[in-house]
Amino acid sequence: MDKLSSLAKFKSSCPFLGRTKSSTLRTLCTSSSPRYPSLSRLTERATQCPVMGPALQTRSSQMVAGYASFAGSADIQKIHEEKGVFPIPTGTNIEMCPHATKALAAARMAEDLAKAAKHKAAKAAAKPSTSAAPSGCPFHAAQAAQGKGKEAAAAGGFNYDKFYADELEKKHQDASYRYFNNINRMAHKFPIAHTGHPKDEVEVWCANDYLGMGNNPIVLETMHRTLDTYGHGAGGTRNIAGNTGMHLALEEELAALHRKPAALVFSSCYVANDATLATLGSKLPGCIYFSDSMNHASMIQGMRHSGTKRVIFNHNDLEDLEYKLAQYPKETPKIIAFESVYSMCGSIGPISQICDLAKKYGALTFLDEVHAVGLYGPHGAGVAEHLDYEAQQRAGNSREPVKGSVMDRIDIITGTLGKAYGAIGGYIAGSSDFVDMIRSYASGFIFTTSLPPANMAGARASISYQKEYLGDRQLMQINVRELKSRFESLDIPVVPGPSHIVPVLIGDPTFARLASDMLLEKHNVYVQAINYPTVARGEERLRFTVTPGHNIDQIARLAKAVDQTFTELGIKRTSVWKAEGGRAGVGMPDAKPVEPIWTNGQLGMVDGSAPKLLRAGQKRIVDARAVAVTREKFNDLLGPVVEPRVTTVQLDMAAGMRPLALPADALLPASEVSVSA
C-alpha cells in the first residue's frame, strides 16, 4: 500500500502533488488502475507527467534487468532456503518463489507502464496540443481548468470552482475533512476485508454490522431465494408498485419485536428520524421538542425541518430536562427526543426516568434505538426491552405488550436495519394511528423508491434469527469486556460506558488520523478516526466495535497494535489524562466504575451457559433451531426450503481398480437449457 507520508516530502517540488488534496491522493494511492492492474491510479497518472513518465520507464527497465541478471546466481538457493521453499516441495508454482514472483511483478509493471506510455503517445498524436505546455501533464490540465474559472469570474460570473476549493480547504485546515477508505468486507472471512486490491486484507474493527449478520447463512439463503423469485428492484414507491409482501411482512416482524401495534419501514433510519420528527413537529399545534444535546444529526435535522421550537437539555441530565419541561403548560404538545445508546461515547440514556418525566409533564417520548436493536434484550428489541429482561423473556414472542414495562411506556421507537441486523433501511414503531399518519404525510416516505424485496427479506430473516438465538449477543458482550480489560491493563484511555461501544480517547485530530493510518498500514487494522463535528474538539477518538466474529487472538493482536501506536506517536494515556484532570470521562477525579448493562447472569456466566471465546480457525455457531424457525416464516411467499439429498451408487470397475462411488444424478445425461435472444 502506498504511503501518503512518502509523498508529502515531494509536495513542495511537484506542482501536481502540491495542489492535489490529500483525500484525492489517498484514493489514487489505494486503488488499482482499471486499465493497468499492476499500477495504482496514482502511478498511471504519473506516466502522463513529463518528468515522472520517463523516470518510471527507466526505473522499471532497471528492475527487470536486475531480476533477470540475478538468474543463475548462487544466492538464489540461499533466498529459497530463507523463504522455506528449498528443497522444492511438491505442488509448487511460481507464486511460491520469491525471486520469480518479484521478477514477474516487475515484468508486469514494465509491461503496463509501456502500454500507458503508448496510450499517451497515441492520444497526443490524435489530439494535437494547442499550447506549449507538456501534453497530458495533470498540473497543466489543472492550471487550464483554473484559468477557465478565473475567466468566468473576470467576465462577471461567480467562480464556482474557487468556492468549492475554499470550502474544502476549511475542512482540511480544521482537520475535520472526512476520508473514505476502500474497504470490502468479505462474506466468508468475516471480520476480514480487503482494500483496493483483493489480496490486501485487513481486520475490520469499526463496522456497525455488530453481529456479523450481513454474512449469516440464513440471511444470505433467504436473500438468494427472494432474488430468484421477485428479482432485484421494488419497481416504485410504496403506493406505486413498490408495496410487496416482503415489505408488509417485515413491518409485521418489527411491530411484533417491539410489541407495538404497527411499524413502518423507510430507506434508512436517517430518513425515518428526519421524516417522522419533521412531520410530527409541523402537524402538532405549538409543539416543542426537548432534545438531548448528544442526539444524532438525523434527529436534529428532523426537528429543524419541522420549523417548531427546539429546547436542548444537557446530555442524560434529568434535572436539566425537568427544569426546562416545567417552563411550559402541561397541555402544550411536547416531544422528548433521545437515544438509548449514544454511539460515540457509549453512554446509555435514562429511559425509565425520562418516561416518568414525560408522564408528569404531558410529553410524548421518541426513542432512537439505532445502536441497540439486535444487541440488547432477550429478543434483541433494544435497551428498552433489556431494562425488563426477565419479564420480557417470560413473555416470549407474544405480540402483546408487557404492561408497565419500559418498552410499553415508550410512545415512538425508531431503529435501523443497517447495523446489528446487517441489512439496510430504518423504521418507526408505535400506535396504529401514529404510524398511519406518518405514512400519509411524511414526504421522506411517500416520494422515495421502495427498498428491494431481497433486502426486506434479508432484514426480516436477520431479525427472526436474532429473536430466537441469544448466543451472538452474549458472545459480543463477552468480547467487549475482554478488549476493554486489555486496554485498561495497557493504560489505553477508553471512554467509560456501560454499552458495547469502545471509544479510545486521542484528544487531537491530527493524531487521531495518524493513529488510524498507522494501524492500517503497519498492523492491517482498520478503525476510523472520529473528529469534530461528530465529537467535540479535544475529544477526538478511535471508535472500536467488537463483534462475536472476532476471536481471542485477533483481540490480543489489536491491543498490542494500539499499544505500539500510542508509543510511537506519543499519544496521551489514561495516567496522563488523569494527571491533567481528565477529559471526556477519562481520568476524571473520583470517577466511579461503570457497570455494563449486561449482567453476568444474562451473559450465562453464572450458570455456565455463556458462549466460549473463539480461537483462530474456529467457526461461529449457526443455531439450527433459529434457522428452522426463520425458514418457516417464508414458506408462504418462497415455499419450503428443500434440502439437497445426495444418493450414491457404486460402480464395479475392472480388476485391480477400486470401486467408484458417484452421486446418482451424475449418471444422468446433461439437460438442455434453452436460451432465447
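The rules behind the values
Residues numbered from 1 in each chain as written. Predicted model: local features only at pLDDT ≥ 70, side-chain atom pairs only at ≥ 80, totals over all residues. Heavy atoms only, no water. Helix = DSSP H or I, 4+ residues; strand = E, 2+ residues; numbered from the N terminus. Buried < 20%, exposed > 50% of the residue type's maximum accessible area, 1.4 Å probe, protein only. Contact = heavy atoms within 4.5 Å. Areas by Shrake-Rupley, 256 points an atom, 1.4 Å probe, with all protein chains shown as cover. Pairing = 2+ DSSP bridges. Axes fitted to C-alpha atoms, helices over the stretch in contact; angles between N-to-C directions. Parallel < 35°, antiparallel > 145°, perpendicular 65-115°, else oblique. Left-handed = near helix turned anticlockwise from the far one by under 90°. Expected span 1.5 Å × (residues − 1). Nonpolar A, V, L, I, M, F, W, Y, C, P; charged D, E, K, R; others polar. Right-handed = clockwise from strand over helix to strand, strands pointing away. Polar contact = N/O pair within 3.5 Å; in protein donor to acceptor, adjacent residues only side chain to side chain. Core = buried A, V, L, I, M, F, W, Y, C linked by side-chain atoms within 4.5 Å. Phe/Tyr/Trp six-rings, centres within 6.5 Å; stacked < 30°, edge-to-face > 60°. Lys NZ or Arg CZ within 6 Å of the ring centre and 35° of its normal.

On to the overall build of the protein. On a plain count of helices and strands, the protein comes out with 27 helices and 16 strands. Per-residue burial over the protein gives 45% buried out of 677 residues. Residue pairs at least 24 apart in sequence account for 68% of intrachain contacts in the protein once pairs closer than 6 positions are excluded. Looking at the protein as shown, the accessible area adds up to about 34,000 Å², and 56% of this sits on carbon and sulfur atoms.

Read across the sheet, 7 strands follow the order S4-S10-S9-S8-S7-S5-S6 without closing on themselves; strand pairing throughout is mixed. One side of each edge strand has no neighbouring strand; the edge strands of this open sheet are strand S4 (262-266) and strand S6 (309-313). When the angles between neighbouring strand axes are averaged without regard to direction, this sheet yields 20°. By the bridge criterion, 3 bridges tie strand S8 (residues 363-368) to strand S9 (residues 412-416) in an arrangement that is parallel. The partner of Asp368 across the bridge, within S9, is Thr414. Its contacts with the sheet put helix H13 (residues 297-306) on strand S5 (288-292), S6, strand S7 (334-339) and S8, and the angle it makes with S7 is roughly 160°.

Turning to the packing of helix H22 (residues 471-489) against helix H24 (residues 552-569), a few remarks are in order. Across the interface, H22 lies against H24 with an axial gap of 10 Å and an inter-helix angle of 30°. Comparing the axis directions of H22 and H24 gives the class roughly parallel. Considering only the axes of H22 and H24, their crossing is right-handed. For the pair H22 and H24, the contacting residues are Asn479, Glu482, Leu483, Arg486 and Phe487 in the first and Ile552, Ile555, Ala556, Leu558, Ala559 and Val562 in the second.

This part takes up the sheet that holds strand S14 (residues 541-545). An order of S11-S14-S13 is seen for the 3 strands of this open sheet, with the pairing classed as antiparallel. Edge positions in the open sheet fall to strand S11 (501-505) and strand S13 (529-530), since each of these has one partner strand only. In this structure, S11 lies alongside S14, joined through 5 bridges in antiparallel fashion. From the neighbouring strand, Pro503 faces S14, where its bridge partner is Arg543.

In this section: helix H21 (residues 453-468). Between the first and last C-alpha of H21 there are 23 Å, a value that for 16 residues agrees with the 22 Å anticipated at 1.5 Å per step. Of all the 16 residues making up H21, 15 are buried; the element is thus mostly covered by neighbouring parts of the structure.

On to the packing of helix H14 (residues 318-325) against helix H15 (residues 351-361), then. For the pair H14 and H15, the least separation of the axes is 11 Å and the interaxial angle reads 10°. Put simply, H14 runs roughly parallel to H15. Residues Leu318, Leu321, Glu322 and Leu325 of H14 pack against Gln353, Ile354, Leu357, Lys360 and Tyr361 of H15. Partitioning the contact of H14 with H15 into residue classes produces 6 nonpolar, 1 polar and 2 charged.

Here we come to the pairing of S8. The buried fraction of S8 amounts to 5 of the 6 residues, a majority that puts the element mostly inside the structure. Pairing between S7 and S8: 6 bridges, direction parallel. Bridging from a neighbouring strand, Lys334 pairs with Ala363 of S8. The parallel pair S7 and S8, bridged by H15, forms a crossover whose chirality is right-handed.

Below, the discussion takes up the pairing of S11. For S11, the buried fraction is high: 5 of the 5 residues fall into the buried class. Covered by surrounding structure in S11 are Ile501, Pro503 and Leu505 together with Val502 and Val504, the residues of both alternating faces.

Examined against the element boundaries, Asn479 turns out to sit in helix H22. Asn479 gets classed as buried once you look at its relative accessible area, which sits at 1%. There is a polar contact of 2.9 Å between the side chain of Asn479 and the backbone oxygen of Thr547. Every residue in contact with Asn479, bar those within four places of it in the chain, is listed here: Val546, Thr547, Pro548, His550, Ile555 and Leu613.

This next bit is on the nonpolar core. One finds Phe290, Ile336 and Leu417 to be the most contacted residues of the largest nonpolar core, which totals 69 residues. If near-sequence neighbours (up to four positions away) are discounted, Leu417 is found in contact with Leu250, Leu254, Val265, Gly422, Ala423, Ile424, Gly425, Gly426, Tyr427, Ala459 and Ile463. Judged by nonpolar contacts, the second largest core, of 33 residues, contains Ala512, Leu519, Val527 and Ile571.

Under the definition given, this model contains 9 aromatic pairs. Centroid distance Phe163 to Tyr164: 6.0 Å. Interplanar angle 65°. Geometry classified as edge-to-face. Owing to a relative accessible area of 46%, Tyr164 belongs among the partly exposed residues under this scheme. What links up through ring pairs into an aromatic cluster is the set Phe158, Tyr160, Phe163 and Tyr164. Between Arg537 and the ring centre of Tyr532, over which it is positioned, the NZ or CZ distance is 3.7 Å.

Attention now goes to unusual backbone geometry. For the peptide bond that leads from Phe190 to Pro191, omega is 5°, which places it in the cis range. The topology assignment puts Pro191 in the loop between strand S1 (184-185) and strand S2 (192-194). Note that the residue after Tyr532, namely Pro533, is joined by a cis bond; omega there is 10°. Looking at where Pro533 falls in the secondary structure, it is placed in the loop between S13 and S14. Its identity as a non-glycine residue notwithstanding, Arg259 has a phi of 55°, on the positive side. Among the secondary structure elements, Arg259 is positioned in the loop between helix H11 (245-257) and S4. You will see that Ala584, though not glycine, has its phi angle at about 55°, which is positive. Inspection of the secondary structure puts Ala584 in the loop between helix H25 (574-579) and helix H26 (624-633).

Once that is clear, we can look at the environment of Lys633. Its place among the elements puts Lys633 in helix H26. In this structure Lys633 comes out as partly exposed when scored by relative accessible area, which is 22%. Measuring from C-alpha to C-alpha, the distance between Lys633 and Ser464 comes to 8.6 Å, with 169 residues separating the pair along the chain. Ignoring sequence-local partners within four residues, the contact set of Lys633 consists of Glu253, Arg460, Ser464 and Lys467. Among the polar contacts made by the side chain of Lys633, one reaches the side chain of Glu253 at a distance of 2.8 Å.

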